[in-house]
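Read off the chains here:
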Amino acid sequence: APFAMMMMGDIAALHGNYRAAVDDYNTVAKNQPLYWLSRVRVSEVMEISHNIPQAIAMLEDLSKNPETKLEALVSLGDLHRRHEDFAKALKAYDAALATIDKPSEEHWPLIYARGMSRERMNDWDGAEKDLLQALAFQPDNPMILNFLGYSWADKGINMDKALDYIRRAVVQRPDDGYIVDSLGWALYRAGDYKESIEWLERAVSIVPDDSTILDHLGDAYWQSGRKNEAKFKWQRAHELSRDTAFRSTVENKIT
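Residues numbered from 1 in each chain as written. Predicted model: local features only at pLDDT ≥ 70, side-chain atom pairs only at ≥ 80, totals over all residues. Heavy atoms only, no water.

K.L.:
How should I be thinking about the overall build of the protein chain in this particular structure?
P.N.:
The secondary structure content of the protein chain amounts to 15 helices and zero strands. With the C-alpha coordinates aligned to their principal axes, the bounding extent of the protein chain is approximately 65 × 40 × 30 Å. Each of the 255 residues in the protein chain was classed as buried or not, and the buried ones make up 46%. The contacts of the protein chain with a sequence gap of at least 6 include a subset with a gap of at least 24, amounting to 43%. In the form shown here, the protein chain has an accessible surface area of approximately 13,700 Å², with 51% of it arising from carbon and sulfur atoms. For the protein chain, the distance from the average position of its 31 positive side-chain charges to the average position of its 40 negative side-chain charges is 2 Å. (Helix = DSSP H or I, 4+ residues; strand = E, 2+ residues; numbered from the N terminus. Buried < 20%, exposed > 50% of the residue type's maximum accessible area, 1.4 Å probe, protein only. Contact = heavy atoms within 4.5 Å. Areas by Shrake-Rupley, 256 points an atom, 1.4 Å probe, with all protein chains shown as cover. Lys, Arg positive; Asp, Glu negative; His and termini not counted. Charge placed at Lys NZ, Arg CZ, Asp CG, Glu CD.)

K.L.:
Looking at this structure, I do not really get the nonpolar core. What am I missing?
P.N.:
The nonpolar side chains of a soluble globular protein tend to be buried with one another. Judged by nonpolar contacts, the single largest core of 54 residues is most densely connected at Y112, L148 and L183. Ignoring anything within four residues of it in the chain, the contact list for L183 reads L163, I166, R167, V170 and W199. Grouped together as the second largest cluster of nonpolar side chains are 22 residues, A12, V22, V42 and A55 included. (Core = buried A, V, L, I, M, F, W, Y, C linked by side-chain atoms within 4.5 Å.)

K.L.:
Before we go on, may I ask you to explain helix α10 (residues 159-172) in this structure?
P.N.:
Note: α-helices contain 3.6 residues per turn, so residues at a spacing of three or four share the same orientation. Compared with an ideal rise of 1.5 Å per residue, which puts 14 residues at 20 Å, α10 spans 20 Å between its outermost C-alpha atoms and is within 8% of the ideal. Three or more residues of α10 are buried, namely M159, A162, L163, Y165, I166, A169 and V170. Mapping the buried residues of α10 onto a view down its axis gives an arc of 165°, with all of them on the same face. Along α10, exposed side chains directed more than 90 degrees from the buried face belong to D160 and V171. (Expected span 1.5 Å × (residues − 1). Arc of directions from axis to C-beta.)

K.L.:
Help me understand the environment of L200 in this model?
P.N.:
Along the polypeptide, L200 turns up in helix α12 (residues 193-206). In the structure, L200 is positioned 85 residues away from G115 in sequence and 26 Å away in space, judged by C-alpha atoms. If near-sequence neighbours (up to four positions away) are discounted, L200 is found in contact with D181, G184, W185, I213, H216, L217 and A220.

K.L.:
What am I meant to see in the packing of helix α5 (residues 69-82) against helix α7 (residues 108-120) here?
P.N.:
One way to put it is that α5 packs onto α7 with a least axis distance of 11 Å and a crossing angle of 35°. Remark: the crossing between α5 and α7 carries left-handed chirality. When α5 is examined against α7, the residues L70, V74, D78 and R81 are found in contact with a partner set consisting of L110, A113, M116 and S117. Here the residues of the contact of α5 with α7 are counted per class, giving five nonpolar, one polar and two charged. (Axes fitted to C-alpha atoms, helices over the stretch in contact; angles between N-to-C directions. Left-handed = near helix turned anticlockwise from the far one by under 90°. Nonpolar A, V, L, I, M, F, W, Y, C, P; charged D, E, K, R; others polar.)

K.L.:
It is not clear to me how the packing of helix α6 (residues 86-98) against α7 should be interpreted in this structure. Could you clarify?
P.N.:
α7 packs onto α6 with a crossing angle of 145° between their chain directions and a minimal axis gap of 9 Å. Regarding α6 and α7, the two cross each other, and that crossing is left-handed. Across from F86, A89, L90, Y93, D94, A96 and L97 in α6, the residues of α7 making contact are L110, I111, A113, R114, S117, R118 and R120. Of the residues in the contact of α6 with α7, the class split is nine nonpolar, one polar and four charged.

K.L.:
What is the right way to read helix α3 (residues 35-48) from this model?
P.N.:
The terminal C-alpha atoms of α3 lie 20 Å apart, and with 14 residues this matches the ideal 20 Å at 1.5 Å per residue to within 8%. The buried fraction of α3 is high, at ten of 14 residues. Among all positions in α3, only Y35, W36, S38, R39, V40, V42, S43, V45, M46 and E47 are buried. Looking one or two places after α3, you find H50, whose phi comes out positive at around 60°.

K.L.:
Looking at this structure, how should I read the packing of aromatic side chains?
P.N.:
How two aromatic rings sit relative to each other is set out by the distance from centre to centre and by the angle between their planes. Scanning the model with the defined rule gives six aromatic pairs in all. Between Y188 and Y193 the ring centres are 5.3 Å apart and the planes differ by 55°, which places this aromatic pair in the tilted class. By relative accessible area, Y188 is classed as buried at 13%. Judged by centre distance (5.3 Å) and plane angle (40°), the rings of W222 and W234 are tilted. (Phe/Tyr/Trp six-rings, centres within 6.5 Å; stacked < 30°, edge-to-face > 60°.)

K.L.:
So what exactly am I meant to see when it comes to unusual backbone geometry here?
P.N.:
Trans peptide bonds make up most of the peptide bonds, and negative phi angles are found at most residues other than glycine. Residue H50 is not a glycine yet carries a positive backbone phi of 60°. As for its placement among the helices and strands, H50 is situated in the loop between α3 and α4 (52-62). Residue N122 is not a glycine yet carries a positive backbone phi of 60°. Mapped onto the elements of the fold, N122 is located in the loop between α7 and α8 (124-137). Judged by its relative accessible area of 72%, N122 is exposed.

Encoded structure:
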């Protein structure tokens, strides 16, 4: 049965047995309801096994078929976004949204993904519009609340709302170091260094090796007069990061 073959494919993929996984997925016939899902799974396996061009070609092919167009474009956008090709991700998400007459709640992940891609392309107006629309469909979603709140706080705009959104996200995900970091950073941007340090230290205890969180804590220590501790955190952030722009910014702080 197709369902059993999909399960076997999933298990094989989970164990890194990619060839067997693809063979299992390929047994699902075109007239089966699970056929579309089996094709997406094959493209995912290709991506995991570093066969990116083939995965892209497959999804582009599926996007030409009216039956699978929307799902294929969303998967294609997600693949490009994972590989930080935001221009191509945006193109795929735009094409996906163009196939929908009136977006509804089920489309929030697509709208949210496009908003994140727009933000990475420095189109904040477009990003904010998407994020607010996604939030309208999912008013308590901690990921969207956090992304919006952090972006506002980082830009120094809508500070009250930013703090409110992030606090609501933290209540739902108190052990998510990245959301806890957002609250610490928003408090820092609001000039509340004392409380910001408490949250940033907590974030570092949850995610000890994230260069951005360490950098944030360094900034908060520095503003509170704890210069040596600040330099120590920046040094660690610098060691851990592979991002040249980030590294040179941190270098300037240490010297």
